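The residues making up each chain are set out below.
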Amino acid sequence: ASLGAMRPLIGKLDMLLLRDAPQKCCSKRIKDRMRLLKDDVQKISSYLDELSEVEDPPPMAMCWMNEARDLSYDMEDYVDSLLFVPPEDPSLFANNIKATRSLRKWFSRVKTSQTQVISAGTLSEFRRYVQEAIQRHQRYNLHSCRTLRRRFVSHGPMVLPRPYEETADIVIDGRMNEFINSLATDGDQQLKVLSVLGSACLGKTTLARVLYNRFRKQYNCRAFIRVSKKPDTKKIFCDMLSQLKRQHPLQHCREIDLIHDIKQYLQDKRYLIIIDDVWAASVWDTINHVFPKGNHGSRIITTTQIEDVALTCCCYQSEYVFEMKHLDDDHSRKLFFNRLFCSERDCPEQFKDVLNEIVETCDGLPLATVSIASVLASQPVMSIDLLTYIHRSLSSCFSASERTRQALNLSFNSLPQYLKTCLLYLSMYPEGYTILKDDLVKQWVAEGLIYTTEGQDIRKDAESYLDQLIGRRFIQPICVNYNNEVLSCAVHGMVHDLIAHKSAEENFIVAIDYSQKNVPLSQKVRRLSLLFGNAKYAKIPANITKAQVRSIGFFGLLESMPCITEFKLLRVLNLQLFRHAGDDDGPVDLTGISEMFQLRYLKIAGNVCIKLPNHVLQCLEILDIADARVACVPRDIHLPNLLHLGLPVDKNLLDWINSRMSLSVERVRKLQDLHLTRSSALSSDHLNRSMSSILSLLGGHGNLKTLVVAHGSSAKNARGASDVTLSLDLLAPPLLQRFEFLPHSHIMFSRIPLWIEKHGNLRILKIAVRELQMSCVDILRGSPALTALSLYVEKAPYDKIIFDKAGFSILKYFKLRFTSDIAWIKFEKGAMPNLWKLKIVFNAIPSFEKDGTALVSIEHMPGLKEISTKFGGEAPDLEYALRTLVSNHPTNPIINMPSNKTLGGEQPHRNLEQESDEILKEDPYGNLEQESDEILEEQEPDEYDERLERRQADKRISRSSDPSSRLHVPVPVGASEMGSEPDVEIPAAY
C-alpha cells in the first residue's frame, strides 16, 4: 500500500535543482548527477506504482518493493538535510531579526556540518543503489507481474450516497427489538447486569449503542467504556470517571483512589454503564468492584464474544444474556441495498441475481455486508465481471471470521494509494483508542502523506481523506458535531488487526507492546509505536536502530519513555505520558529536540512538567503542550513555521509574553491556531492583565484563524478558581474564524465585544458575558459569517430578549445559557431561517404562576431540526411548570426535555413494535451518531447542576406578571462558575 517516500522525494529533488542557492549546486557536474538521480528515481517509482496495483504480488515482488521503499526513505533523509538547514548568515534571522548570542552559537555549531554541502560522492552512491534496484527488478522479471490480476481501484474521491446523518448501516431486527422493549418496560429497581453475547462482527457494540442512546436520558449519569484484549484498568477507570463526572481525573491518581471516587459518586444515583468488548472474567471482576448496589433502577450492559464471560457478568442468570444471531436474508438484503442503491427497488435488473448471491455469501454478517456494499458504492462503473470476482472471493472463505476479513481485504485493496497510506497510519494507535480528528490530520500532514497541488488547502485535503475513509467504513465516527463534522473517531478491532498486519508486512509501522523483548526486523524502523501502558520497566527492544525513525507514538509511563535525543530524524513526536502517584515531579528535559531539524509535529499530553529548548525549531509546525506544564519558557525560542500552538497559561508563559511583547508575534508570524489552557494557580489580577495583553497582542496578527481559551486539567478539577472579567474591545485578527473562551476557563467578557458586529470571517463564537442586552443581540446579528453561537450569561436582562428576522442568516447552532437568572426570550416567526439546533438552559429553578405568559416563546422557525430546553432543580411541580413555561409553535420539532418528556405540537409517539425493521443511523461497527450538543471536542463539567441536586426542593423564584421586571434567583456561593453540556457522552481519549 505504501509507496515509501518516492513521491515527496521527486519533488524535493526538483526543489534542490530549482532553488535560488547557487552555492549549493556549485558545479555543473553535481547538477547533472542530480538530474540523473531524479530520472532513475522516477523510473523506480513507476515500477513501485505498477507493482502496488497487483492484487497478490509474489514474494519476490514484495521483497523488492520493501527494498525500494527503504531506499526512498534513506534518500529523502539525505535530501532533507540539504533543504532544511539554518540560514548561512548566523547574524541574521527570519525577517531580519537579529539573533541572540545563543542562537549565533547554535548556528555556528550547525554550520560546520558536512551535510550542508551537496556531495557528489553521496549522489553517485545513491544512484548506484537505485540502478541496482532497477537491475534486480529486471533480473527477477517483475515486469511479468503486469499480467497478474490488478486491484479494482476507484480513482478519485468516493461520492457518498448520503451524508452521515442519513446513512443507514444497521438493521435492528425483531429479536433485538424485543430485547430493547424488555429493557424499556422493566420496572425492577434493583441493580441489574445484562450481557450481549456473540461472535465478532455481529453487531454487539451496535446493539449496546442503540440501548445507550435510546435510554441514556433516563439516568442521572452514564458512561460507555471500551475494553480491549489487553485492557489497562487504570485507563478504564479514568475514562469512566471522566464520563460520569464530565471532567478528567488527575492522571497521577492511584487506581484504588479512582475506584473509590467512582463508587462514591455512583452511590444513590441511577446510572447506565456500557462495558464493551470484555475478553476475560477477571477483567469484569475488577471493573465490577466500582458499582455500588442499590434500588434506583441502575443498569450495566456488557458485550463479549465468550459465553463464560457473559454468564459471569450476569451471575450465571442466563435469562439476562442476549445472544446475537446472524441477520436473516431479508434484513441482510435491506442493509446491503440501502447502502448501495438507497433501496432494493433502485437496483438495476441485470445485477440483481449476482448481488443477491453476494448478500447470501456475506452470511448475515453486518460488517462484511456493509464493507462489500461500500466497495461497490465507491466504483465509478459496476460490471458483472467485478461482481462475479467479489462473489468468488467471498465464497472461497469457510468461516464467518474469514469471510469478514476477506471482505475487509477486498475493500482495502480497492482504496487509492493515498488512502491506503493514511489508513495504515492509524495502526500507530492502540486498538480501541479514540483519536481526535485534528490530531490525526495534522500527523498526516507532518508525515507528508497528503498530496496536494499548489494553491490548495492541505488541511482540507487531509480532512477529505478522512471523510473518504469514513465513507468506505474503515473509520467509525465517535463524535459528530452540529454541522455533521467528525470530531473524533476510532477503528473496529478487526480493521485494526488488518492494518496492523499490512503495516508490519510493508515495514510501514512497527508497533511494540510492553511484553516484547525483541522483534524480528528485516528493514530499518521508520515509524515506531510504543504501547507500554502501565508497565513500569518497559523498554525498546535492543535490535531497533533509532537513527532512522521518523515518527514515534509513545503511550505509557514517563519513566519508561526512551531517550528522545537519540531519534535525530523525527518528524512526528506524540507523547501520551502518565505518572504514578508519588513519582518525582521533576521536569522532562526536551532541550535536545533543538537538534531534530525535521521535527514538524510535537504533542505532549499528560500532567508532566517539561523543559523546552532555547533555540530555533525551524520546521516545527504543530506544538501542542496544552495538557503539560512548562518549567521555564525559553527566552530565545523561535518558531518561524509554526501553524498550530497549544500552550498552558501559567505565570511563566504570561510573564514571558508581557516582557517580550514586541518580538512575540514575529516569532510565530505564521501561526493560524492558538489554544490556551488556563491553570487554577493564577490569581485573578495576574490573569486579567496577562490575558488583556495577549488579546491586544494578537489583534494585529495577520494569519490567526482560531483562538480558544479552555481549562487545564488542574483548573477543571478545581472549584475555587477565580473568575476574571475582560472589558476590552480588541482589534480582532482579520482572518479569525473561531473565537472561544470556554466557560470553565473562568474568563468572561463584561459584554459582547463590538468588533464582532463587522467581522466578516468569524464562524464560531463561544463566550461568557456578564450580562446580555438587546444591544448585544444587535452586535451579534451583524456578524455575517456566524454559523455556531454559544452564549453563557451570568445576569439576565430586565427586558425581553427578542430575536427577529434581522441577521443570523446562516446560523446553524445556537445555545443560550443563563447561569443565575431567568429571562424572557422570544423567537419571532422566521427568525434564524437556517438554524438547525436550538438549546436554551437556565441553571435557576423557576416557579410557576398561572398568568398566561411563557418564559420562552418560539414561533415558527422553518429550518429547525432540534430544540431542547432545560431548567435547573428537581422540584415536585417542575414537570408541570415546564409544560407552560415554554411556548412552541406546533410546526416546530418537539422540544427535548431532560425528563424525557416532550413539549410542543402534537406528534404521535412511535411504538418500538413499529420499529422492528428500523435501519438506524450508525456505522457498521456499532457507533450511533453522537448527540453532540457542542461545537468541538471540549467537554466541560457541569458543576452548577451538581449544586442544584443538593439544593432544597422548596427553594423557588417568584415570577412577576410584569414581563418587564427582572427575575432574580438567589445563587449559592460559587454558582457563578459556568458549565456546559458535553459534546458527547464518550470523551476523547487522553
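Residues numbered from 1 in each chain as written. Predicted model: local features only at pLDDT ≥ 70, side-chain atom pairs only at ≥ 80, totals over all residues. Heavy atoms only, no water.

- Under an unreviewed UniProt entry, the chain has the name NB-ARC domain-containing protein and belongs to Aegilops tauschii subsp. strangulata.
- Its UniProt record, at the heading Sequence similarities (unreviewed entry), says of the chain: "Belongs to the disease resistance NB-LRR family." (UniProt positions renumbered as here; feature names shortened; annotations may be inferred.)

1. Section: the overall build of the chain
Piece 1. Within the chain, the regular secondary structure consists of 26 helices and 36 strands.
Piece 2. The long-range share in the chain, meaning contacts at least 24 apart out of those at least 6 apart in sequence, stands at 72%.
Piece 3. Entry remark: accessible area of the chain is about 38,500 Å², with carbon and sulfur atoms responsible for 50%. (Helix = DSSP H or I, 4+ residues; strand = E, 2+ residues; numbered from the N terminus. Contact = heavy atoms within 4.5 Å. Areas by Shrake-Rupley, 256 points an atom, 1.4 Å probe, with all protein chains shown as cover.)

2. Here we look at the packing of aromatic side chains
Piece 1. All told, the structure shown has 22 aromatic pairs when counted by the stated rule.
Piece 2. Taking the centre distance of 5.3 Å and the plane angle of 35° together, the rings of tyrosine 429 and tyrosine 433 count as tilted.
Piece 3. A residue is classified by how much of its surface remains accessible, and tyrosine 429, at 4% relative accessible area, is buried.
Piece 4. When its relative accessible area of 10% is taken as the criterion, tyrosine 433 is described as buried.
Piece 5. Plain terms: the ring middles of phenylalanine 803 and phenylalanine 814 are 5.4 Å apart, the flat faces sit at 70° to each other, and that makes the pair edge-to-face. In this pair, phenylalanine 803 sits in strand β27 (residues 801–803) while phenylalanine 814 sits in strand β28 (residues 813–818), placing the two residues 11 residues apart along the sequence. No difference in accessibility class separates phenylalanine 803 from phenylalanine 814, as the two residues are buried.
Piece 6. By way of ring pairs, the aromatic residues Phe739, Phe741, Phe749 and Trp755 are connected into one cluster.
Piece 7. In this arrangement the basic side chain of arginine 7 is found over the ring face of tyrosine 451, its NZ or CZ atom lying 5.1 Å from the centre.
Piece 8. The cationic tip of lysine 269 hangs over the ring face of tyrosine 265; the distance from NZ or CZ to the ring centre is 4.2 Å. (Phe/Tyr/Trp six-rings, centres within 6.5 Å; stacked < 30°, edge-to-face > 60°. Buried < 20%, exposed > 50% of the residue type's maximum accessible area, 1.4 Å probe, protein only. Lys NZ or Arg CZ within 6 Å of the ring centre and 35° of its normal.)

3. Quick word on the sheet that holds strand β7 (residues 435–436)
Piece 1. Ordered by their spatial adjacency, 3 strands build an open sheet running β7-β9-β8, and the pairing between neighbours is antiparallel. Here the strands that pair on one side only, and so sit at the sheet edges, are β7 and β8 (476–480).
Piece 2. Sheet topology note: the β8/strand β9 (residues 486–490) ladder contains 4 bridges and is antiparallel. Bridged to proline 477 within β9 is cysteine 489. (Pairing = 2+ DSSP bridges.)

4. Some words on the nonpolar core
Piece 1. Core analysis: the largest hydrophobic core is formed by 106 residues, its most contacted members being Leu528, Ile604, Phe739, Phe741, Phe814 and Phe827.
Piece 2. Ignoring any residue separated from it by four or fewer positions in sequence, one finds phenylalanine 814 in contact with Leu789, Leu791, Phe803, Phe827, Met832, Leu835, Lys837, Leu838 and Lys839.
Piece 3. If you look at the next biggest cluster of nonpolar residues, it comprises 46 residues, including Leu408, Met428, Trp444 and Ile622. (Core = buried A, V, L, I, M, F, W, Y, C linked by side-chain atoms within 4.5 Å.)

5. Digging into the pairing of strand β32 (residues 866–871)
Piece 1. Sheet topology places strand β30 (residues 837–842) next to β32; 6 bridges connect them, and they run parallel. Each bridged residue has a counterpart across the sheet, and for isoleucine 840 the counterpart in β32 is threonine 869.
Piece 2. Two strands pair when backbone bridges link them, and β32 and strand β34 (residues 895–896) are joined in this way by 2 bridges, in the parallel orientation. Considered in β34, the bridge of isoleucine 867 is made with isoleucine 895.

6. Structural notes on the environment of histidine 889
Piece 1. Along the chain, the position of histidine 889 falls in the loop between β33 (886–888) and β34.
Piece 2. By relative accessible area, which is 27% here, histidine 889 ends up partly exposed.
Piece 3. Spatially, the C-alpha atom of histidine 889 lies 8.4 Å from that of serine 857, the residues being 32 residues apart in sequence.
Piece 4. Here threonine 891 takes part through its side chain, which lies 2.7 Å from a polar atom of the side chain of histidine 889. (Polar contact = N/O pair within 3.5 Å; in protein donor to acceptor, adjacent residues only side chain to side chain.)

7. Some points on the environment of glutamine 737
Piece 1. On the secondary structure map, glutamine 737 appears in the loop between β22 (724–726) and β23 (738–741).
Piece 2. For the pair glutamine 737 and leucine 762, spaced 25 residues apart in sequence, the C-alpha to C-alpha distance is 4.0 Å.
Piece 3. Filtering out sequence-adjacent residues up to four positions away, glutamine 737 remains in contact with Lys705, Asn761, Leu762, Arg763 and Ile764.

8. Focus: the pairing of strand β13 (residues 572–578)
Piece 1. Within β13, 6 of the 7 residues are buried, which leaves it mostly tucked inside the rest of the structure.
Piece 2. Where β13 lies against strand β15 (residues 601–605), 5 bridges are found, and the strand directions are parallel. Bridge assignment links leucine 573 to a residue of β15, and that residue is leucine 602.

9. Focus on the sheet that holds strand β16 (residues 609–611)
Piece 1. Strand order in this open sheet of 3 strands is β14-β16-β18, and the pairing throughout is parallel. The open sheet is flanked by β14 (588–589) and β18 (629–630), the only strands paired with a single partner.
Piece 2. With 2 bridges connecting them, β16 and β18 associate as parallel partners. Each residue of the ladder has a partner; that of isoleucine 610, found in β18, is valine 630.

10. Notes on unusual backbone geometry
Piece 1. Of note in the backbone geometry, aspartate 268 takes a positive phi value of approximately 65° without being a glycine.
Piece 2. Summarising the element assignment, aspartate 268 is placed in the loop between α9 (255–266) and β4 (271–278).
Piece 3. Residue methionine 832 is not a glycine yet carries a positive backbone phi of 45°.
Piece 4. With respect to the helices and strands, methionine 832 occurs in the loop between β29 (825–827) and β30.

11. Quick word on helix α7 (residues 204–215)
Piece 1. Taking 1.5 Å of rise per residue, the 12 residues of α7 would be expected to cover 16 Å, and the 17 Å separating its terminal C-alpha atoms lies within 8% of that figure.
Piece 2. Within α7, 11 of the 12 residues are buried, which leaves it mostly tucked inside the rest of the structure. (Expected span 1.5 Å × (residues − 1).)

12. Examining helix α5 (residues 120–139)
Piece 1. The end-to-end C-alpha distance of α5 is 28 Å, a good match for the 28 Å that 20 residues give at a rise of 1.5 Å each.
Piece 2. What α5 keeps buried is the set Ala120, Leu123, Phe126, Val130, Ala133, Ile134, Arg136 and His137.
Piece 3. Those residues of α5 that are buried lie in contact with α2 (28–52) and α3 (59–83).
Piece 4. Of the residues trailing α5, asparagine 141 is marked for its positive phi of about 55°.

13. Re the pattern of salt bridges
Piece 1. Considering all chains together, one arrives at 39 salt bridges under this definition.
Piece 2. For glutamate 566, the salt bridge goes to lysine 546, with nearest N and O atoms at 3.4 Å. Note that glutamate 566 is positioned in the loop between β12 (551–557) and β13 and lysine 546 in the loop between β11 (527–533) and β12, a separation of 20 residues in sequence.
Piece 3. In this structure glutamate 566 comes out as partly exposed when scored by relative accessible area, which is 41%.
Piece 4. Connected via shared salt-bridge partners are Lys12, Asp70, Asp74, Glu76, Asp77, Asp80, Lys524, Arg526, Arg550 and Arg571. (Salt bridge = Lys/Arg side-chain N within 4 Å of Asp/Glu carboxyl O.)

14. Focus: the confidence of the model for the chain
Piece 1. When the pLDDT values of the chain are averaged, the result is 77; 74% of them are 70 or greater.
Piece 2. Every residue in residues 87–115 scores below 50 in pLDDT, and together they form 44 contacts with partners more than four places removed in sequence or on other chains. (pLDDT = per-residue confidence, 0-100.)

15. Observations regarding the packing of helix α6 (residues 174–184) against α7
Piece 1. Their axes nearest at 11 Å, the elements α6 and α7 cross at an angle of 35°. In the crossing of α6 with α7, the sense of the turn from one axis to the other is right-handed. On α7, the residues touching Met176, Asn177, Phe179, Ile180, Leu183 and Ala184 of α6 are Leu207, Val210, Leu211, Arg214 and Phe215.
Piece 2. Of the residues belonging to the contact of α6 with α7, the class tally is 9 nonpolar, 1 polar and 1 charged. (Axes fitted to C-alpha atoms, helices over the stretch in contact; angles between N-to-C directions. Left-handed = near helix turned anticlockwise from the far one by under 90°. Nonpolar A, V, L, I, M, F, W, Y, C, P; charged D, E, K, R; others polar.)

16. A look at a negative patch on the surface
Piece 1. Taken together, the side chains of Asp328, Asp329, Asp353, Glu357 and Glu360 present a region of like negative charge at the surface.
Piece 2. When residues of the negative patch are assigned to their parent elements, the largest contribution, 3 residues, is made by helix α13 (residues 352–361).
Piece 3. Note that aspartate 329 resides in helix α12 (residues 329–341). (Patch = residues over 30% accessible without salt bridge, like charges linked within 9 Å, V, L, I, M, F, W, Y side chains within 5 Å. Lys, Arg positive; Asp, Glu negative; His and termini not counted. Charge placed at Lys NZ, Arg CZ, Asp CG, Glu CD.)

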